[in-house]
Structures are given as structure tokens and as C-alpha cells.
Amino acid sequence: MKHIPHKLMIMLALAATGLTQPVFALTAADTLKQLEQSAKQTDPTFKGVSAQRGERLFKTTHGAEWSCASCHTDNPAASGKHAKTGKVIAPLAPAANAERFTRPDKVEKWFRRNCNDVLNRACTASEQGDVLAYLMTIKN
Amino acid sequence: MRFTFQTISLALVSLASIMSSAHAAEHVYSANNVKWKTECSACHLAYPPQLLPAESWRVMMTQLDKHFGADASLDAKTAAEISAFLQANAERNNRATTGKPSLRITETRWFKKEHDEVPARVWSSAAVKQAGNCAACHTQAERGDFSERSLRVPR
């Protein structure tokens with residue numbers, strides 16, 4: 001209950017400034033819930049996310065040149081570096097970077113791109129949930 | 001009257017083209033688009049549209065899912081806006097070039113000519129690593145300023 005008036009305040013403030021898109025639409029926990037729901041809908045055998053599976057997916061390669069960690073490093077609370085361009089990448093763990101996993105459009109875009117680069121295919125909702133569950137276990 | 005008007009128009013057009021070529025000679029590019037800046041700079045410097053001909057940008061923006069070895073795909077609306085911006089502000093001096101347009105800025109004739117004095121050891125140095133890393137030497141590249149005065153070649 002505590003969160004609702006706060007969110008409402010943000011929405012009102014944004015409406016007042018004329019911005020149509022809230023900057024922080026969700027929390028990472030909300031995003032995880034949505035991924036879990038979507039996994040349940042697409043896979044009747046889905047039994048919940050696993051941070052352990054997520055960590056394995058994140059840190060190992062899957063037939064392609066890069067793993068997630070190639071750019072985001074083995075420590076998602078730290079800044080990463082694009083494996084090709086060298087561009088600094090802000091930390092991925094929500095504890096270290098509150099903006100992460102708060103915008104559904106960005107979540108969709110980056111899972112689409114990066115799963116294609118790392119696994120040569122799209123990730124399932126369950127896999128995305130595993131990775132986010134892992135990232136949410138990281139303390140800053 | 002008509003003659004005067006034509007003369008003035010012609011003078012204005014010439015002046016505009018002189019100004020724009022002077023601008024290009026300075027190597028400072030000011031064209032801006034929020035989506036271009038945001039999306040391109042998510043992975044690398046938002047390379048100014050003036051660095052490639054329109055055809056190169058057009059082709060590149062149709063194959064973002066295979067963008068120099070990475071998936072850089074965008075939603076169709078964003079891709080269309082960025083593509084239009086890139087093409088509208090693209091390089092215009094090399095209209096006569098034949099064959100397939102290069103998608104790599106570093107493979108263009110102008111790039112090679114502008115950088116022919118740069119020794120191999122600079123390209124391979126830890127600070128530069130690859131030719132697409134403009135900001136290693138062009139310290140104001142993020143602002144579209146590739147002028148000589150902002151150039152600092154790492155030792």
C-alpha cells in the first residue's frame with residue numbers, strides 16, 4: 001500500500017511536466033513477476049524461476065563467441081564493457097543500478113538482441129526470469 | 001526585377017554552399033536527433049550522419065539485426081525515424097562513387113585520406129585498439145567535433 005501513493009505522485013508529477021512516458025514504469029520485482037506469469041502461460045510445466053540456472057546461463061557461452069558476462073563481466077554489480085566497441089556499460093544488477101528492468105520496452109529490446117548474440121535464438125520467458133532472479137540476488 | 005530576384009537567389013544558394021563546405025572542412029557536425037543519439041550511442045559513438053553516404057545508411061538500417069556481428073535491431077518506427085535522419089544529413093561529396101557503398105566508415109576513401117598520416121602503432125595502441133574508436137583521438141567526438149584543434153593522438 002505504501003508504494004501506491006508514491007507511484008501516483010510520480011505519475012502526477014510527470015503529467016504536470018507534460019511527459020507522457022513515466023521514467024520508472026515498474027520495479028525489477030514487477031518485471032520478474034511479469035516474466036513468471038508469461039512463463040506460466042507459455043509452459044504448463046513451468047515450476048518457477050531459478051537464480052542458479054540464471055547464473056549458469058549468464059556466465060557460460062552457448063555455442064556463440066560471447067556469453068552475457070563477456071560484456072557485463074562476471075560481477076553484474078560492476079560496470080561492464082562492450083566486447084567489441086569497448087563502450088562502458090552501466091551495472092546490470094538492480095541493486096547497483098535502480099533503472100535496470102524498470103522499462104518493459106528496454107527489457108524486451110535488450111533480451112531480444114543479446115539472446116540472439118549469445119544463444120543464436122530468442123530466450124524463453126522462463127530463461128529471462130532465471131537471469132533476472134540471479135541478478136536480483138546480487139548485492140551491491 | 002526577375003533578373004534581380006534570380007541573382008539574389010543564386011547568390012544565396014552559393015553562399016549557403018560555401019558555408020556548408022566551410023563547415024564540412026572544419027569537421028564539426030551539428031545535426032541532431034534524440035533517437036539517433038540515444039540508440040546508436042547505447043553501444044558506440046553515435047557516428048555523425050555526414051560520415052557516410054545516404055545509400056550506406058539506408059542499407060545499414062535495413063539489416064540492424066546483423067550489425068557488424070551483433071544484433072542491434074530496433075522497433076520499426078524508431079528504425080524508420082533514425083534512417084530518415086541519417087539519410088537527410090548524409091555525406092554528399094562522393095556522389096560519383098561506383099559500386100556497392102561501404103557500410104564501414106573506416107573503409108571510405110575520405111577516411112583513409114584523412115588518416116593517412118596516422119602511424120600503424122597508433123592504430124594498434126591500447127588506447128585506440130580499433131579504427132572505429134574515434135573518441136580515442138577526437139576528444140570531442142561525442143559532440144560531433146572532429147576538428148584538428150580537439151585532436152589529441154595518444155602516445
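Residues numbered from 1 in each chain as written. Chains lettered and ligands numbered in written order. Predicted model: local features only at pLDDT ≥ 70, side-chain atom pairs only at ≥ 80, totals over all residues. Heavy atoms only, no water.

Peer 1: Run through the overall build of chain B, naming residues and quoting values.
Peer 2: Check the secondary structure of chain B and you find 6 helices and 0 strands. Each helix (α) and strand (β) of chain B, taken in turn from the N terminus, gives the series α-α-α-α-α-α. For chain B, with 155 residues in total, the buried portion stands at 34%. Contacts spanning at least 24 positions in sequence make up 57% of the contacts within chain B whose residues lie at least 6 apart. A total accessible area of about 10100 Å² is found for chain B, and carbon and sulfur atoms account for 58% of it. (Helix = DSSP H or I, 4+ residues; strand = E, 2+ residues; numbered from the N terminus. Buried < 20%, exposed > 50% of the residue type's maximum accessible area, 1.4 Å probe, protein only. Contact = heavy atoms within 4.5 Å. Areas by Shrake-Rupley, 256 points an atom, 1.4 Å probe, with all protein chains shown as cover.)

Peer 1: Any details on helix α3 (residues 54–62) of chain B? Residues and values, ideally.
Peer 2: Residues and elements named next belong to chain B. Among the residues making up α3, those that are buried are S56, W57, M60 and M61. For α3, the buried positions fall inside an angular range of 125° around the axis, keeping them on one side. Where α3 is buried, its residues meet α4 (76–88). (Arc of directions from axis to C-beta.)

Peer 1: Tell me about the packing of aromatic side chains, and please be specific about residues and values.
Peer 2: Applying the stated criterion across every chain, the model contains 6 aromatic pairs over all chains. Centroid distance A:F58 to A:Y134: 5.6 Å. Interplanar angle 55°. Geometry classified as tilted. Of this pair, A:F58 sits in helix α3 (residues 51–59) while A:Y134 sits in helix α6 (residues 125–137); the two residues are 76 residues apart in sequence, bridging distant segments of the chain. Owing to a relative accessible area of 1%, A:F58 belongs among the buried residues under this scheme. Look at A:Y134 and you get buried, because its relative accessible area is 3%. A centroid spacing of 6.1 Å and a plane angle of 35° characterise the contact between B:F111 and B:W123, whose relative ring orientation is tilted. One end of the pair, B:F111, is in helix α5 (residues 109–114); the other, B:W123, is in helix α6 (residues 120–123), and 12 residues separate them in sequence. Looking at B:F111, the relative accessible area reads 8%, which means it is buried. What makes B:W123 partly exposed here is its relative accessible area of 26%. Chaining the aromatic ring pairs together yields one cluster made of B:W110, B:F111 and B:W123. Stacked on the ring of A:W110, the Lys or Arg A:R113 has its end atom at 4.6 Å from the ring centre. (Phe/Tyr/Trp six-rings, centres within 6.5 Å; stacked < 30°, edge-to-face > 60°. Lys NZ or Arg CZ within 6 Å of the ring centre and 35° of its normal.)

Peer 1: Would you mind going over the packing of α3(B) against α4(B) in detail, with residue names and values included?
Peer 2: Residues and elements named next belong to chain B. Across the interface, α3 lies against α4 with an axial gap of 8 Å and an inter-helix angle of 165°. It follows that α3 is roughly antiparallel to α4 by the angle criterion. Judged by the sense of rotation from one axis to the other, the crossing of α3 with α4 is right-handed. Between α3 and α4, the residues in contact are A54, W57, R58 and M61 and A79, I82, S83, L86 and Q87, respectively. Looking at side-chain class alone, the contact of α3 with α4 contains 6 nonpolar, 2 polar and 1 charged residues. (Axes fitted to C-alpha atoms, helices over the stretch in contact; angles between N-to-C directions. Parallel < 35°, antiparallel > 145°, perpendicular 65-115°, else oblique. Left-handed = near helix turned anticlockwise from the far one by under 90°. Nonpolar A, V, L, I, M, F, W, Y, C, P; charged D, E, K, R; others polar.)

Peer 1: Quick rundown of the side chain of A:Q128? Include the residues and the values.
Peer 2: Residue and element names in this part refer to chain A. Here Q128 lies in helix α6. A polar atom in the side chain of Q128 sits 3.3 Å from the backbone oxygen of C123. Look past the residues within four positions of Q128 in its chain and what remains in contact with it is L35, F111 and C123. (Polar contact = N/O pair within 3.5 Å; in protein donor to acceptor, adjacent residues only side chain to side chain.)

Peer 1: Explain the state of the cysteines to me, and be specific about the residues and the numbers.
Peer 2: Enumeration according to the criterion identifies 1 disulfide over all chains in this entry. The disulfide bridge from A:C115 ends at A:C123, spanning 2.0 Å between sulfur atoms. Taking the torsion about the S-S bond as the criterion, the A:C115 to A:C123 disulfide, at about -100°, is left-handed. Each member of the pair, A:C115 as well as A:C123, carries the same accessibility label: buried. Of all cysteine sulfurs, the one in B:C43 lies closest to B:C40, which takes part in no disulfide; the gap is 9.1 Å. Here B:C43 stays unpaired: no disulfide links it, and the sulfur of A:C71, its closest cysteine neighbor, is 8.6 Å away. Owing to a relative accessible area of 17%, B:C43 belongs among the buried residues under this scheme. (Disulfide = S-S within 2.5 Å.)

Peer 1: Requested: an account of the pattern of salt bridges, with residues and values cited.
Peer 2: Per the stated rule, a full pass over the model turns up 11 salt bridges over all chains. Note that A:D105 is salt-bridged to A:R103, the shortest N-O span being 3.0 Å. The class of A:D105 is partly exposed, set by a relative accessible area of 39%. With a shortest N-O distance of 3.1 Å, B:K35 and B:E81 are connected by a salt bridge. A residue pair is termed long-range when its members are at least 10 positions apart, and B:K35 in helix α2 (residues 34–40) and B:E81 in helix α4 qualify at 46 residues. Given the relative accessible area of 32%, B:E81 is considered partly exposed. (Salt bridge = Lys/Arg side-chain N within 4 Å of Asp/Glu carboxyl O.)

Peer 1: Quick one: what's the story with the interface of chain B and chain A, residue by residue and with numbers?
Peer 2: Chain B puts 16 residues into the contact, and the matching count from chain A is 12 residues. The largest share of the area that chain B buries against chain A comes from B:C43, B:D71 and B:S73, three residues that together contribute 41% of it. If you look at where chain B meets chain A, you find 1 salt bridge. With its nearest N and O atoms 2.6 Å apart, the salt bridge here joins B:E39 to A:K109. At the junction of chain B with chain A, the criterion picks out 10 residue pairs in polar contact (both at pLDDT 80 or more). Residue composition of the side of chain B that touches chain A, by class: 6 nonpolar, 5 polar and 5 charged. (Buried area = accessible area lost by both parts, 1.4 Å probe.)

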